[in-house]
Amino acid sequence: MKFAVIQFPGSNCDLDMLHAIQDILGEEAEYVWHAESSLAGFDAVLLPGGFSYGDYLRTGAIAKFSSIMPEVLRFAEIGKPVLGVCNGFQILTEIGLLPGALIRNNNLHFICKTVPLCVVNADTMFTKAYEQNEIIQVPVAHGEGNYYCDDETLQKLQANNQIVFTYEGTNPNGSRADIAGIVNERGNVLGMMPHPERAVEEIIGGTDGLKLFQSVVKAWKEEQINA
């Protein structure tokens with residue numbers, strides 16, 4: 001399986017993503033610069049964390065207009081997996097692949113720590129390796145990770161089982177309904193604020209994020225067999 005790691009000016013978790021896929025997962029991964037216009041040959045897209053374009057205007061607002069974005073949209077439309085982490089999640093909401101928005105943390109401070117998450121939907125291509133309601137430990141590092149949506153959108157997310165991860169115990173940023181990650185209705189686009197790519201080795205604190213990437217590979221292999 002071949003992953004594209006999209007790089008923007010200001011990306012700072014792209015190396016973490018590449019390392020997680022290549023060195024830990026054992027799959028192929030390549031950087032794709034934001035000015036490119038093709039994702040030919042790739043099976044999945046990863047939008048890493050960081051500060052794309054310095055977070056000017058609004059997080060993800062400028063990245064939305066990058067040349068690679070029409071390809072990311074096409075990827076999502078044909079059902080291929082798209083994962084946006086932290087700034088990547090913010091970009092996914094900006095381009096309309098996911099509903100809602102990410103706003104300033106309720107304490108107005110940057111947060112960097114490991115937090116417990118609950119896997120509230122273990123039936124997606126990103127979470128099948130987890131148990132339903134499993135509690136995992138994954139780092140967060142953000143200043144604008146407070147997920148917001150209106151009442152109608154929240155009801156829709158709940159009704160369609162689109163909420164994938166929630167913060168367990170203390171909510172670190174004020175996200176509505178303790179939301180830490182959501183998928184689109186089709187289930188092939190996941191946005192999350194915590195960093196699974198930073199939780200793939202025991203030496204750096206644990207491997208609870210590895211199952212997410214393993215889930216994606218397993219889903220892809222099953223699709224190849226059934227094709």
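Residues numbered from 1 in each chain as written. Predicted model: local features only at pLDDT ≥ 70, side-chain atom pairs only at ≥ 80, totals over all residues. Heavy atoms only, no water.

**Things to note about the overall build of the protein chain**
Thought 1: A count of helical and extended segments in the protein chain gives five helices and 11 strands.
Thought 2: Each principal axis of the C-alpha atoms in the protein chain carries an extent, and together these give about 40 × 40 × 40 Å.
Thought 3: The buried share among the 227 residues of the protein chain stands at 56%.
Thought 4: Surface accessibility of the protein chain: about 9,900 Å² in total, with carbon and sulfur atoms responsible for 49%. (Helix = DSSP H or I, 4+ residues; strand = E, 2+ residues; numbered from the N terminus. Buried < 20%, exposed > 50% of the residue type's maximum accessible area, 1.4 Å probe, protein only. Areas by Shrake-Rupley, 256 points an atom, 1.4 Å probe, with all protein chains shown as cover.)

**Notes on the UniProt feature "active site" (unreviewed entry) in the protein chain**
Thought 1: UniProt annotation of "active site" (unreviewed entry) refers to Cys86, His195 and Glu197 when read in the numbering used here. In sequence the annotated residues extend across 112 residues, while in space they remain close, none of their C-alpha pairs exceeding 11.1 Å. None of the other annotated residues line the largest pocket; only Cys86 and His195 do.
Thought 2: Structurally, the position occupied by Cys86 is in the loop between strand S4 (82-85) and helix H3 (87-94). (UniProt positions renumbered as here; feature names shortened; annotations may be inferred. 1 Å grid on protein atoms, 1.4 Å probe; cavity = no way out; pocket = protein on both sides within 12 Å on 5 of 7 lines; lining within 4 Å.)

**What to know about the pairing of strand S6 (residues 111-119)**
Thought 1: Examined bridge by bridge, S6 and strand S7 (residues 135-142) share eight bridges and lie antiparallel to one another. Bridge pairing in S7 places Pro116 opposite Gln137.
Thought 2: Of the strand pairs in this sheet, S6 and strand S9 (residues 163-167) are connected by three bridges, and their pairing is antiparallel. Paired with Val119 across the two strands is Phe165, which belongs to S9. (Pairing = 2+ DSSP bridges.)

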